Structures are given as structure tokens and as C-alpha cells.
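Take a look at the letters that make up each chain.
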Amino acid sequence: MRNPWQFWIGLGLLAGLAVWWFSGHLDAMTQGKAKPTGEKVRVRLLTEGGEVGPVLEVPKVVRSDKEWAARLSLEQFRIGRTAGTERAFCGVFHDNHKKGIYFCAGCGLPLFRSGDKFDSGTGWPSFFQPFAEENIGEQTDNELGMTRTEVHCVRCDMHLGHVFPDGPKPSGLRYCINSAVLGFQEEGVAPELETIDLAGGCFWGVEEVYSKFAGTYQTEVGYEGGWTKNPTYREVCGHGTGHAEVMRLIFQTKTTGTRKVVEYFFKIHDPTTWNRQGPDVGDQYRSAIFFTRPEQESVIRDVIAQLTQQKKFSSPIVTQVDWAGPFTPAEEYHQKYFQKHGGGGCHIPQ
Ligand SMILES: [Zn+2]
């Protein structure tokens, strides 16, 4: 070789690049957990009153393929994460005429309203405009030998379908969407009971304090938010699952409401520490709220904004706010632990 030193410098640079790449991706590769990127997106949420909310900056939802696989069906994964298409007239929503909100099955972001839906005759749910323009991302798609405009959820990049310029007035647009990547919440059918999943350290203690909360209808402790199916306590404690210890709370919609539940939650734990509550350290002890209805999210984010504005905590609130995934009930001996064994945890209402 004419210049062997160039070869060694080149090899050294390549090795350096490889080390840099691996250091950034090792965690994701070994544990299946995608690191938060810190990237934010501007979206509009559904308000408690069923209206389109103001523009809000929220974290982008980034999940590894393992995490997506743990919370989506095979069909949802094929369509939403690999830009697939469901067969015409086979989806559950192409003929749905109920009033309500269609939201992203990946992150709970509201995407379309029933009032903007029309019968296109194509066999796929069709809308002439989105819930909010901010919530839909677009990109050019040159697959199948033609140029089309692909549309996806701007927050979690779930592939939704395509938009075509042959829709009805007033927009002239036709959003052709796969049913499989949508959830639907009927309008005007407020449930008597709602569910929300709360992670704030050891679930024994969280369940104990919510057993004394006036709005509690029912509690159950379990695991949620990771990338393995049907985890056990032993696996979760081994830090290899990404699941948090959560308490599933069922509460009265009218007499209690999401706001009271969430305000109480911020009185019983420290939302400013990553993966830690007092002496309990580990990702299963992170602070997180998993919402099950799109309008719950706007309430949760509003409470956090108010607490931040009032400077209730000396450090920023780091609570993860995420669409609920599969909830695995914990083993029976963890349920109502302090009621069975006496004593109490370190969760004390402030
Ligand atoms: Zn989404």
C-alpha cells in the first residue's frame, strides 16, 4: 500500500464512529427501549368539553419496535409501523356512522371527527379534514409507481393512509385512512366510570393512599409501559422489561373527574425525580400517568402546567404522560398489600 498511515487513520476513524454509534444505541438494542429524543411537536388535544384545544407543545412519542409490538396487534403493527394497507371494506370504521372522535391507536392523539367523515365508496374511512391540521404529518410517497401524499400521526409517526385532492367541498380533500390504526370514542356517551393508570413508586403505597381517596371506585396494581407481555414482579424488578409499577384506578366521572384524581396524584409522590421515589430506585418506580380517554390528556397537561406556573416543585416535573398500553395485573399477594399486612408506605398526601 502506497500510504499505509492513511489506511490506519481511516480505520481508526471508522472504529471511532462505530464506538460512538454503539454507545448511543446499545441501550435500545439490548433492552428494546427507545431513548426519549427530547423532540417536541405542536398538537391540539381534545378538551374536557369535547372541543378542539389550543396548540400545545408535547413530547414526540418514540417507541422501539419491541415496545410497539407489545401494545399493537399484528395487523396494527403491519399497517401503522410498516406503511401497510388494510383490505377495502374489511376495516371496522368504513361504515361507522356514530358521532364521535377518531384517535390514534398508537398515542391517543385525536385525529378526525365524525362530522368530517363522508361515504367515499372506497371501503376505507374517509374524511374531508382532520381534527386539527397540526396533528397530521404528510410526506410524498412514490411507492406503487405513482406519487401520493402519505399521512401519519405527527406525534408517534403511526402511518394512517393517504390524502387525495378529490374530496368533497369545502376542502376538496379525501383523507383515506386505515381503520386498524384508529380508536373511536362515541360522543355524548359519558361513562359513569373512567380508568386511569398511575405510576408513582412502589405500587403498594400508591394503592394504599388511593384506598382513602374519596373518588376511588376500585383499584388494582399491575405493570404497564414496557416491551414484554405478561410480565411478573420478578421480571419487572430485574429492570429488563421497561414496565412501571402502576395502580389502575377506576373513578366516578361526574362526582370525581380526572382533575381531582391527577391533582391528588401530585400530592402523594415526587414527580421531579427520574426513575426514583425516595429509597426506591429503578425504571419501574418512574412517575407516569397512562390515560385511557383522549380528553384526560388535556386535563393532565393542564394540571402539570398549573403546578409548574405556581412553582409547587423546586425542580421540573418529569412525569411521563402516555396513552395507556396493555395492563398486566400484579400477582395476588401485591393487591391491597398494606390492608392485608398492616403498615403503610411512604406515600403521604401533602
Ligand atoms: Zn399517534
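Note that this is a predicted model, so its numbers are computed, not measured.

Next up on the list: the sheet that holds strand 19 (residues 328-329). Ordered in space as 18-17-12-14-13-19, the six strands form an open sheet in which the pairing is mixed. Taken across any chain shown, the strands that pair with only one partner, and hence form the sheet edges, are strand 18 (320-323) and strand 19. When strand 12 (residues 193-200) meets strand 14 (residues 244-252), the two strands line up antiparallel, connected through six bridges. By the bridge assignment, Ile 196 is partnered in strand 14 with Leu 249. Helix-sheet contacts for helix 4 (residues 203-210) involve strand 12, strand 13 (216-224) and strand 14, and the interaxial angle to strand 14 is about 15°. Each of strand 12, strand 17 (287-291) and strand 18 touches helix 7 (residues 294-309); the most contacted strand, strand 17, lies at about 150° to it.

Before going further, it helps to spend a moment on the nonpolar core. If you look at the biggest cluster of nonpolar residues, it comprises 67 residues, and the most contacted ones within it are Cys 104, Leu 111, Cys 153, Leu 198 and Ile 289. When residues are assigned to domains, this core turns out to be shared by domain 1 (40-186) and domain 2 (193-341), each giving three or more. In contact with Ile 289, not counting residues within four places along its chain, are Ile 196, Leu 198, Val 262, Phe 265, Ile 300, Thr 319 and Val 321.

So, about the confidence of the model for the protein. Looking at the protein as a whole, the pLDDT averages 90, with 88% of positions reaching at least 70. Segment residues 21-32: pLDDT under 50, and 13 contacts once partners within four positions in sequence are set aside and those in other chains are kept.

Within a regular strand, the side chains alternate between the two sheet faces. In this structure, strand 1 (residues 40-46) lies alongside strand 2 (residues 52-59), joined through six bridges in antiparallel fashion. Residue pairing in the sheet places Val 41 in a bridge with Val 58 of strand 2.

Spatial strand order, 4-3-11: three strands in an open sheet with antiparallel pairing. Sheet topology places strand 4 (110-113) and strand 11 (182-186) at the edges, where each strand pairs with a single neighbour. Across the sheet, the axes of successive neighbouring strands diverge by a mean angle of 30°, strand direction being ignored. Where strand 3 (residues 100-104) meets strand 4, three bridges bridge the pair, whose relative direction is antiparallel. Across the sheet, residue Tyr 102 finds its bridge partner in strand 4, namely Phe 112.

Before going further, it helps to spend a moment on helix 6 (residues 257-268). The end-to-end C-alpha distance of helix 6, which contains 12 residues, comes to 18 Å, matching closely the 16 Å that a straight helix rising 1.5 Å per residue would cover. Along helix 6, the positions that sit buried rather than exposed are Thr 258, Val 261, Val 262, Phe 265, Phe 266 and Ile 268. Projected down its long axis, helix 6 shows its buried positions confined to an angular sector of 165°, all on one face.

About the thresholds
Residues numbered from 1 in each chain as written. Predicted model: local features only at pLDDT ≥ 70, side-chain atom pairs only at ≥ 80, totals over all residues. Pairing = 2+ DSSP bridges. Helix = DSSP H or I, 4+ residues; strand = E, 2+ residues; numbered from the N terminus. Contact = placed C-beta atoms within 7 Å. Axes fitted to C-alpha atoms, helices over the stretch in contact; angles between N-to-C directions. Core = buried A, V, L, I, M, F, W, Y, C linked by C-beta atoms within 7 Å. Buried ≥ 20, exposed ≤ 12 C-beta atoms within 10 Å, placed from the backbone. Domains from an automatic or database assignment. pLDDT = per-residue confidence, 0-100. Expected span 1.5 Å × (residues − 1). Arc of directions from axis to C-beta.

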